[in-house]
Protein chains: 2
Amino acid sequence: MKNLFENISLKNKEKLFKIFRASTVKFTKGINIIDYMDRTNSIGIIDTGSIDIIQTDYDGNETLIDELKENDIFGSTIYSIVLSDECSIITKDNTNVTFIDYREIENAEFIKSDFYITFVQNLLAIIFEQMSFKNKRIDILTKKTIRNKLLTYFKQLSKEQGSKSITLPFSLSHLARFISVDRSAMIREIKYLKEEGMIDQKTKKIRLYY
Amino acid sequence: MKNLFENISLKNKEKLFKIFRASTVKFTKGINIIDYMDRTNSIGIIDTGSIDIIQTDYDGNETLIDELKENDIFGSTIYSIVLSDECSIITKDNTNVTFIDYREIENAEFIKSDFYITFVQNLLAIIFEQMSFKNKRIDILTKKTIRNKLLTYFKQLSKEQGSKSITLPFSLSHLARFISVDRSAMIREIKYLKEEGMIDQKTKKIRLYY
DNA sequence: TGCAAAAAGTTGCAAATGCAACATTTGATA
DNA sequence: TATCAAATGTTGCATTTGCAACTTTTTGCA
C-alpha cells in the first residue's frame with residue numbers, strides 16, 4: 001500500500017508540511033478525534049494506528065461507517081454530510097494523525113516542485129484505493145439478503161486471495177458490522193450455508209464450493 | 001461541479017490527450033460500454049450523457065451499483081473486483097466518454113507543465129466529490145430498516161437543499177433502487193411515515209417534520 | 001497457567017421485508 | 001387528444017431478519 005510521503009525526502013516532507021499547514025498529533029487509544037480537528041477544511045492522514053468512524057442515531061444505535069488504517073485518509077471534504085454531530089472518530093490503538101489544510105492543495109506556491117507532484121500523485125493513488133474499497137462495500141450492502149451479502153463478500157475475498165480457500169481479515173462479529181447485519185442472524189445464515197454444502201467454515205477459515 | 005478540463009485550454013487539452021493516450025468515443029443510448037474498453041488500465045470520464053453500472057448475479061437479479069453523470073469517472077482502477085463479468089456499463093442517453101490510460105498519470109513526461117498540474121488537481125476534486133457521494137450512500141445502506149434508510153436519505157437531502165422541504169432528484173422507483181429495497185415495501189413505509197406525521201409527501205415533494 | 005473479556009454460537013419470537021399480483025395515475029408522443 | 005408505457009400505489013402472505021437472552025469457546029495477558 002502506498003504511503004502519502006512515498007519517494008519524498010524528509011526535508012521535502014517538512015516543506016510540504018509547511019505548505020499545507022500540516023501538524024501531526026498523537027492520540028492514545030479510545031479518543032474521539034473529531035474534537036481535535038478543524039471540521040471544515042482539514043484532511044487527516046493516519047500515519048500509524050487505526051480508527052473507526054461510528055455514527056450514533058437518535059435511538060442510540062451505532063453504525064460502523066468506516067474503519068481506517070495506516071495511510072487512509074478522512075475528513076470533512078470526503079465525508080461531508082456524514083461527519084455531522086452524530087459522528088465520532090474513535091482511535092482503536094495509539095494513533096498518529098497528520099492534518100493538512102485541504103485548500104492549500106489548490107493554491108500552493110511550490111506547485112512546480114518535484115515533491116509536490118509526487119505528493120499529489122501519492123494522494124491520488126491512496127484515494128483510488130479507498131474508492132475501490134468503498135465500491136466493494138457498496139456491492140455487498142446493496143444485496144438484499146444476508147446470504148447474498150456473505151456470498152458477495154466471500155467472492156471478493158476469493159478473488160483477492162486467489163483461492164477458493166479464504167481467510168477472513170477480521171472476526172465474525174466484525175464481519176457482521178462490516179456488512180451491516182445482525183451478528184447472530186449472520187452466524188445462523190453461515191450455518192445454513194454449511195448445511196447446504198455451499199461452504200466449509202471454521203472461525204476465520206472458509207472454503208467455497210460454489 | 002468541476003470539469004476534468006476546467007481551466008485548461010483546448011490546445012493543452014489536446015496535449016493531455018496525447019500524454020494519456022486518450023480517445024473520446026460516442027455511444028448511443030443503451031450500449032454496454034464495457035465491451036469497448038480496456039478493462040485493466042483505462043479510466044473513463046463522461047463528457048456528456050449518463051450511464052448505469054449494473055450487476056447481474058447468477059439468478060438474474062440486477063443491482064444498481066452506481067449511476068454516473070457528466071464529469072464522473074469510472075474504470076477498473078476504481079471498481080476493481082466489481083467490474084467483473086457480471087457487470088455491465090449501460091448508457092442511459094447518447095453519451096460521450098473519454099478514456100485515458102491511467103498508468104500515464106504516474107509517468108508523464110510533461111509533468112511539470114501548468115496544465116498537467118491543473119489536470120491532476122481537477123481529477124482530485126472530482127474524485128473527492130465521488131468519494132463524498134459514496135460515503136453518503138454507504139451511510140444509507142448500513143441502516144437496517146427501510147425507515148431508517150429513508151430518514152437518513154431525507155436528512156442528507158435536507159442538509160444539501162438547506163430546507164425541511166425537499167425535492168427528490170429522481171423518481172420513487174429510482175429511490176428504491178438507490179437505497180436497495182423493494183419498491184412496494186418502500187412506498188408502504190413512506191405511507192406509515194405520513195400516517196405518523198413524520199413527513200408529508202406528494203410524489204417528489206417531501207416535507208420533514210422531524 | 002489461570003482468569004476475565006471478547007468472540008462464537010444457539011434459539012424463540014415478533015417485526016420487517018420481499019415478492020407477486022394487482023389497480024390506478026401520470027406522462028410522453030404519435 | 002387518444003394511447004401506451006412507465007411510475008405510483010395497494011395488499012396478502014411467506015420468508016427473512018433483528019433482537020434478546022442465553023451457553024460455550026477462544027483469546028489476550030497478568
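Residues numbered from 1 in each chain as written. Chains lettered and ligands numbered in written order. Predicted model: local features only at pLDDT ≥ 70, side-chain atom pairs only at ≥ 80, totals over all residues. Heavy atoms only, no water.

Around DNA strand D there are 19 residues in total, and Thr145, Ile146 and Asp182 of chain A together with Ser173 and Arg183 of chain B lie nearest to it. The protein-proximal atoms of DNA strand D, defined as those within 4 Å of the protein, are 47% sugar or phosphate. A distance of 3.3 Å separates a base nitrogen of DNA strand D from a polar atom in the side chain of serine 184 of chain A. Take serine 173 of chain B: an N or O atom from its side chain is 2.8 Å from a phosphate oxygen of DNA strand D. Listed by contribution, the elements that provide at least two residues to the surface near DNA strand D are helix H7 (183-195) of chain A together with helix H6 (172-178) and helix H7 (183-195) of chain B. Top element by residues in the surface near DNA strand D is H7 of chain B. It accounts for five residues. The residue makeup of the surface near DNA strand D, split by class, is five nonpolar, six polar and eight charged. (Near = heavy atom within 4 Å. Polar contact = N/O pair within 3.5 Å; in protein donor to acceptor, adjacent residues only side chain to side chain. Helix = DSSP H or I, 4+ residues; strand = E, 2+ residues; numbered from the N terminus. Nonpolar A, V, L, I, M, F, W, Y, C, P; charged D, E, K, R; others polar.)

All names here are of chain B. You can see lysine 13 is positioned in helix H1 (residues 10-19). Looking at lysine 13, the relative accessible area reads 27%, which means it is partly exposed. Sequence separation between lysine 13 and tyrosine 116 is 103 residues, and the spatial gap between their C-alpha atoms is 9.3 Å. Those residues in contact with lysine 13, other than ones at most four positions away along the chain, are Phe5 and Ile8. (Buried < 20%, exposed > 50% of the residue type's maximum accessible area, 1.4 Å probe, protein only. Contact = heavy atoms within 4.5 Å.)

Residue and element names in this part refer to chain B. Read from one edge to the other, the open sheet built from four strands follows the order S1-S7-S2-S5, with strand pairing classed as antiparallel. Of all the strands in the sheet, the pair left with one neighbour each is strand S1 (23-27) and strand S5 (73-75). When the angles between neighbouring strand axes are averaged without regard to direction, this sheet yields 30°. With five bridges joining them, S1 and strand S7 (residues 95-101) adopt antiparallel strand pairing. Each bridged residue has a counterpart across the sheet, and for valine 25 the counterpart in S7 is valine 97. (Pairing = 2+ DSSP bridges. Axes fitted to C-alpha atoms, helices over the stretch in contact; angles between N-to-C directions.)

Attention shifts here to the side chain of glutamine 201 of chain B. All names here are of chain B. Secondary-structure assignment places glutamine 201 in strand S9 (residues 199-202). Look at glutamine 201 and you get buried, because its relative accessible area is 15%. Reaching out from glutamine 201, the side chain makes a polar contact with the side chain of lysine 194 at a distance of 2.7 Å. Engagement of the side chain of glutamine 201 in a polar contact is seen with the backbone oxygen of threonine 203, the distance being 3.2 Å. Discounting residues that sit within four places of it in the chain, glutamine 201 has contacts with Leu172, Ile190, Lys194 and Ile206.

Moving on, we come to the protein's contact with DNA strand C. The full set close to DNA strand C counts 19 residues, and Leu172, Ser173 and Arg183 of chain A together with Thr145 and Ile146 of chain B are the nearest of them. The sugar-phosphate share of atoms of DNA strand C within 4 Å of the protein amounts to 48%. Here lysine 144 of chain B contributes a backbone N or O atom positioned 3.4 Å from a phosphate oxygen of DNA strand C. Sort the elements by how many residues they give to the surface near DNA strand C and H7 of chain A lands first, with five residues. Here the residues of the surface near DNA strand C are counted per class, giving five nonpolar, six polar and eight charged.

It is worth spelling out unusual backbone geometry at this point. Among all residues save glycine, negative phi is the norm, and among peptide bonds the norm is trans. Residues and elements named next belong to chain A. You will see that asparagine 7, though not glycine, has its phi angle at about 60°, which is positive. Position of asparagine 7 among the secondary structure elements: in the segment before helix H1 (10-19). Taking relative accessible area as the criterion, asparagine 7 reaches 68% and is therefore assigned exposed.

On to the packing of aromatic side chains. This model, assessed by the stated rule, comprises 20 aromatic pairs over all chains. Ring plane angle 10° and centroid distance 6.2 Å describe the contact between tyrosine 153 of chain A and phenylalanine 170 of chain A, whose orientation is recorded as stacked. Here phenylalanine 170 of chain A lies in the loop between strand S8 (165-167) and helix H6 (172-178) and tyrosine 153 of chain A lies in helix H5 (residues 146-161), a separation of 17 residues in the sequence. For the pair tyrosine 153 of chain A and phenylalanine 170 of chain A, a shared accessibility class is recorded, and that class is buried. Geometrically, the ring pair formed by phenylalanine 5 of chain B and phenylalanine 119 of chain B is tilted, given 5.8 Å between the ring centres and 35° between the ring planes. Residue phenylalanine 5 of chain B is located in the segment before H1, and its partner phenylalanine 119 of chain B is located in helix H4 (residues 114-141); the two are separated by 114 residues in the primary sequence. (Phe/Tyr/Trp six-rings, centres within 6.5 Å; stacked < 30°, edge-to-face > 60°.)

To continue, consider the confidence of the model for chain A. A residue-level look at chain A finds 86% of positions with pLDDT of 70 or above and a mean pLDDT of 83. Summarising per-element confidence for chain A, the mean pLDDT is lowest in helix H2 (residues 76-79) of chain A (59) and highest in H7 of chain A (96). (pLDDT = per-residue confidence, 0-100.)

Let us look at the sheet that holds strand S7 (residues 95-101) of chain A. Residues and elements named next belong to chain A. Taken together, four strands build an open sheet; the order of strands is S1-S7-S2-S5 and the sheet is antiparallel. Each end of this open sheet is capped by a strand with a single partner; those strands are strand S1 (23-27) and strand S5 (73-75). Taken pair by pair, the neighbouring strands of this sheet meet at an average axis angle of 30°, ignoring direction. In terms of strand pairing, strand S2 (residues 42-48) meets S5 through three bridges, oriented antiparallel. Across the sheet, residue glycine 44 finds its bridge partner in S5, namely phenylalanine 74.

Take helix H4 (residues 114-141) of chain A next. Between its terminal C-alpha atoms H4 of chain A stretches 41 Å, which fits the 40 Å expected from 28 residues at 1.5 Å a residue. Among the 28 residues of H4 of chain A, 24 are classified as buried, and the element is accordingly described as predominantly covered. (Expected span 1.5 Å × (residues − 1).)

This brings us to the packing of H4 of chain A against H5 of chain A. Residues and elements named next belong to chain A. Look at H4 against H5: their axes get within 8 Å of each other, and the N-to-C directions meet at 150°. Across from Lys136, Asp139, Ile140 and Leu141 in H4, the residues of H5 making contact are Lys149, Thr152, Tyr153, Gln156 and Glu160. Grouping the amino acids of the contact of H4 with H5 by side-chain chemistry returns three nonpolar, two polar and four charged.

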